[in-house]
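Understanding the architecture of this molecule
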Amino acid sequence: MNRLAHTVLAAFLVAASPFTSAQTVTVGFGSDVTSLDPHYHIFSPNQNIADHVFNRLIERNDQLRMVPGLALSWKAIDDTTWEFKLRPNVKFHDGTPFTAEDVAFSIERVPTVKGSPGPFTLYTKEIQSVTVMDPLTVRFKTRAPHPLLPNDMAVVPMVSKSAASTASTADFNSGKAAIGTGPYKLSRYVRGERIELARNDAYWGKKPQAETLVFKIMTNDSARVAALMSGDVQAIDAVPVAHFKRLSSDANLSLVQRTGTRLMYLYLDQARDVSPFLSDKDGKPLAANPLKDLRVRQAISKAIDREAIRDKVMEGASKPTGQLMIPGLSGYSEALKVEPVDVAGAKKLLADAGYPNGFNLTLHGTNNRYVQDDQILQAVAQMLNRIGVGVKVEAMPSAVFFPRNNKGDFSVSMSGWSPDSGEASSPLRSFIATPNKDKGYGTLNAGGYSNPKVDALLEKALATIDDAARDKLLQQATEVAMNDKAVIVLHHQVNLWATRKGLKYGGRSDERTYGFDFQTNAP
């Protein structure tokens, strides 16, 4: 037995004392972050941490419904003008007042951030101009009718103009420019190790109970569980599903689970005529890209047993799906069902497409980002082998994977997405719409998928004021994209957390771990 296994076993055998202090809460955080610059990367771990330091004009509750944030109210003045009334008496961590000037600066800064692997321009591209009416009133002029502007403003963090006007991403990482209005101040950031936060006692909202909040980056599942059991941390997110039943029987722990919006799916290279990680059964590179053929994409989807992944890999902690959204959110379609496994049908489709003997591919993905991500990759590989598609799996740390994936380096890859805006236009715009820098579409479309019908329905939806009519258009766009196998959807994650006795957390559909929502000394 190795040293780590001994540590885990000892932690289970030794009953550590329950958590009783409200002074410091330490969280075992299951994902690494790529930056503390809140505009650098649309990446959930980054945004999770940023939400402690920065605020948005509009926030979302644990059910993803919009609630007032730095803006008390918002309304459409006309088809292309939105007015936001700001919350008075809000101050940044350095004591300077938050005003409409900071809002205008924050929106203008988004497209200037250098080297972003996933820019926030998706949520600002429709804004033509920002006008400061007075210190507490700001107006947005959009290029066309854009009823989803409030949804977009529930994604973009507000930063300080005085602190960040000349700041680089490195200045945020060092703490120099990480001056927000949020419930915590940044004390220290050690890349790949920890983020230390101190309570902002001048916070405009409800004051958190914990004075100090520490996020320890712990991407190794066993180490994270061991730290919880020993009391080294008081909470962990991304509870390893293999440990869930065992942890739930421990009287010193509390566990919570929530069906989440996190969609797991496969990208397929549909843009290049020749794709780099595809070969025939003898290992010779294919002269033509089979992934451009709908029949091949359908075959791949039919080969995947999503219920088996749920039962055997995720141990129940997933909801197989045939679409982008979960029930109850805008864009969910009753017409889209989970694809049933059909090995014989998949083989026939491959034969009809000219690949009766199949072909080989490399499946890329992460090994430290999503729940059971490397195990899902292996399961998918085995399922594709059954239809004659030989699969080599290459799993890597998220810090290596995402920059390469977002550049389109791979032929087939697995990723995840949680819609911050709470409706289907978010995934449709980000990784399904045809890449278009001018419109900010397809910023994460690693497969290069393009379907004019999807684009047209999406654009019409984004310009439709009536909520019910817009929802119908988003459903239609989703149906076209899913039937065309724009991506191969697998499941939505079930989010899992565990805390030591004396600390309570209710969980969220968007999988965020918010230290300011922890209740300390809880029964």
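About the thresholds
Sequence positions are assigned chain by chain, starting from 1 and proceeding in written order. Residues qualify for local features only when their pLDDT is at least 70, as the model is predicted, and side-chain atom pairs are given and counted only at 80 or more; totals for whole chains, interfaces and linings, by contrast, use all residues. No hydrogens and no water enter the side-chain calculation; it runs on all heavy atoms of the structure. The helix count covers DSSP runs of H or I at least four residues long, the strand count covers runs of E at least two residues long, and both are numbered beginning at the N terminus. The globule rule used here is 2.2 Å times the number of residues to the 0.38 power, and the radius of gyration it is set against is calculated over C-alpha atoms. Summary of the burial criterion: residues with accessible area below 20% of their type's maximum are buried, those above 50% are exposed, and those between are partly exposed, where the area comes from a 1.4 Å probe applied to protein chains only. Pairs of residues are marked as contacts when any of their non-hydrogen atoms sit within 4.5 Å. Here the Shrake-Rupley method, with its probe set to 1.4 Å, supplies the accessible areas, and only the displayed protein chains count as covering residues. The charge count treats Lys and Arg as positive and Asp and Glu as negative. His and the chain ends do not count. The atom standing in for a charge is NZ when the residue is Lys, CZ when it is Arg, CG when it is Asp and CD when it is Glu. Pairing of aromatic rings covers Phe, Tyr and Trp, the last through its six-membered ring, and needs centres within 6.5 Å; plane angles under 30 degrees mean stacked, over 60 mean edge-to-face, and all others mean tilted. The term salt bridge refers to a pairing of a side-chain nitrogen on Lys or Arg with a carboxyl oxygen on Asp or Glu at a separation within 4 Å. Among buried residues, those of type Ala, Val, Leu, Ile, Met, Phe, Trp, Tyr and Cys that are joined through side-chain atoms within 4.5 Å constitute a nonpolar core. A strand pair is defined by DSSP finding two or more bridges across the two strands. Axis geometry follows a simple rule: fit a line to the C-alpha atoms, using only the stretch in contact for helices, then measure angles between N-to-C directions, giving values from 0 to 180 degrees. Polar contacts here mean pairs of N or O atoms no more than 3.5 Å apart (in protein, one a potential hydrogen donor and the other a potential acceptor; neighbouring residues in sequence count only if both atoms are side-chain atoms). Roughly parallel refers to an angle under 35 degrees, roughly antiparallel to one over 145, roughly perpendicular to one between 65 and 115, and oblique to any angle outside these ranges. Take the far helix as your reference; a near helix turned counterclockwise from it by less than a right angle gives a left-handed crossing, and one turned clockwise gives a right-handed crossing. The score called pLDDT rates the predictor's confidence residue by residue, from a low of 0 to a high of 100.

**A word on the overall build of the protein**
Regarding its fold elements, the protein presents 16 helices and 22 strands. In terms of overall size, the protein behaves like a compact globule, its C-alpha atoms giving a radius of gyration of 23 Å where 523 residues would be expected to give roughly 24 Å. The principal-axis extents of the C-alpha atoms in the protein amount to approximately 70 × 65 × 40 Å. Per-residue burial for the protein yields a buried fraction of 59% across its 523 residues. Contacts in the protein between residues at least 24 apart in sequence constitute 69% of all its contacts with a sequence separation of at least 6. As presented, the protein carries roughly 20,300 Å² of accessible surface, and 50% of it is formed by carbon and sulfur atoms. On the protein, the mean spot of the 61 positive side-chain charges and the mean spot of the 54 negative ones are 2 Å from each other.

**Re the packing of aromatic side chains**
Any two aromatic rings considered together are summarised by their centre-to-centre distance and by the angle between their planes. Counted according to the given criterion, the structure contains 19 aromatic pairs. Between F401 and F402, the ring centres sit 5.2 Å apart and the planes meet at 75 degrees, which makes this aromatic pair edge-to-face. Accessibility classification places F401 together with F402 in one group, the buried group. Each ring, one from W497 and one from Y505, has its centre 5.5 Å from the other, and the planes form 75 degrees; the classification is edge-to-face.

**Points about the pattern of salt bridges**
Across all of its chains, the model carries 28 salt bridges by this definition. Two residues, E196 and R188, come together in a salt bridge whose shortest N-O distance is 3.1 Å. With relative accessibility at 18%, the residue E196 sits in the buried group. Taking the shortest distance from any N to any O, the salt bridge between R262 and E511 comes out at 2.5 Å.

**Points about the nonpolar core**
With 64 residues, the main nonpolar core has L57, F84, F140, F431 and I432 as its most contacted residues. By residue number, the principal contributor to this core is helix α16 (residues 467–483), which donates six residues. When sequence neighbours within four positions are dropped, the list of residues in contact with L57 reads P68, G69, L70, A71, F84, L86, F98, V103, F140, M153 and M158.

**Digging into the sheet that holds strand β7 (residues 127–134)**
Taken together, four strands build an open sheet; the order of strands is β5-β6-β8-β7 and the sheet is antiparallel. Among the strands making up the open sheet, the edge pair consists of β5 (71–78) and β7. Going across the sheet, the axis of each strand differs from the next one's by a mean of 20 degrees, ignoring polarity. When strand β6 (residues 81–86) meets strand β8 (residues 137–142), the two strands line up antiparallel, connected through five bridges.

**So, helix α7 (residues 221–230)**
If you check which residues of α7 are buried, you get R224, V225, A226, A227, L228 and M229. Structurally, the start of α7 carries an N-cap: the backbone nitrogen of S222 is 3.1 Å from a side-chain oxygen of N220.

**Remarks on the side chain of T137**
Secondary-structure assignment places T137 in strand β8. Of note is the side chain of T137, whose polar atom sits 3.0 Å from the side chain of K85. Beyond its immediate sequence surroundings of up to four residues, T137 is in contact with E83, F84, K85, A100, T131 and V132.

**What about the environment of Q519?**
With respect to the helices, strands and loops of the structure, Q519 is situated in strand β22 (residues 519–520). On the accessibility criterion, Q519 (43% relative accessible area) is partly exposed. Residues contacting Q519, with those up to four places away along its chain left out, are Q209, G502, L503 and K504.

**Remarks on the packing of helix α14 (residues 425–432) against α16**
α16 packs onto α14 with a crossing angle of 40 degrees between their chain directions and a minimal axis gap of 10 Å. Taken as axis vectors, α14 and α16 run oblique relative to one another. Seen from above, α14 lies across α16 with left-handed handedness. For the pair α14 and α16, the contacting residues are S425, L428 and I432 in the first and L474, A477, T478, A481 and M482 in the second.

**Description of the side chain of R258**
Looking at where R258 falls in the secondary structure, it is placed in strand β14 (residues 253–268). Look at R258 and you get buried, because its relative accessible area is 16%. Ignoring anything within four residues of it in the chain, the contact list for R258 reads D62, Q63, Q493, V494, N495, W497, G506, G507, R508 and S509.

**Points about unusual backbone geometry**
Positioned with a positive phi, L64 is a non-glycine residue whose angle comes to about 70 degrees. Relative to the assigned elements, L64 resides in the loop between β3 (58–60) and β4 (66–68). For L64, a relative accessible area of 6% gives the class buried. Residues other than glycine seldom take positive phi values, yet A238 does so here, at roughly 45 degrees. With respect to the secondary-structure elements, A238 resides in the loop between β13 (235–237) and α8 (244–248).

**Here we look at the pairing of strand β1 (residues 24–29)**
Extensive coverage of β1 is indicated by the burial of five of its six residues. Here six bridges tie β1 to strand β12 (residues 212–217), and the two strands are oriented parallel to one another. Looking at the pairing, T24 lines up with T212 of β12. For β1 and β13, the ladder comprises two bridges, and the chain directions are parallel. If you follow V27 over to β13, its bridge partner there is A235.

**A closer look at the pairing of β6**
The two faces of the sheet receive side chains in turn, since in a regular strand these alternate between them. Counting buried positions along β6 yields five of six residues, so the element is predominantly enclosed. Between the antiparallel neighbours β5 and β6 lie two residues.

**Some remarks on the confidence of the model for the protein**
Of all residues in the protein, 95% attain a pLDDT of 70 or more, and the chain-wide mean is 93. Note on residues 1–17: pLDDT is under 50 here. Beyond four places in sequence and across chains, it has 24 contacts.

**Some remarks on the environment of V159**
Its place among the elements puts V159 in the loop between β9 (157–158) and α5 (161–164). Between the alpha carbons of V159 and E193 there is a distance of 25 Å; along the sequence they are 34 residues apart. With residues up to four places along the chain from it excluded, the contact list for V159 reads P38, H39, F54, F92, D102, F105, S106, R109, A164 and F172.

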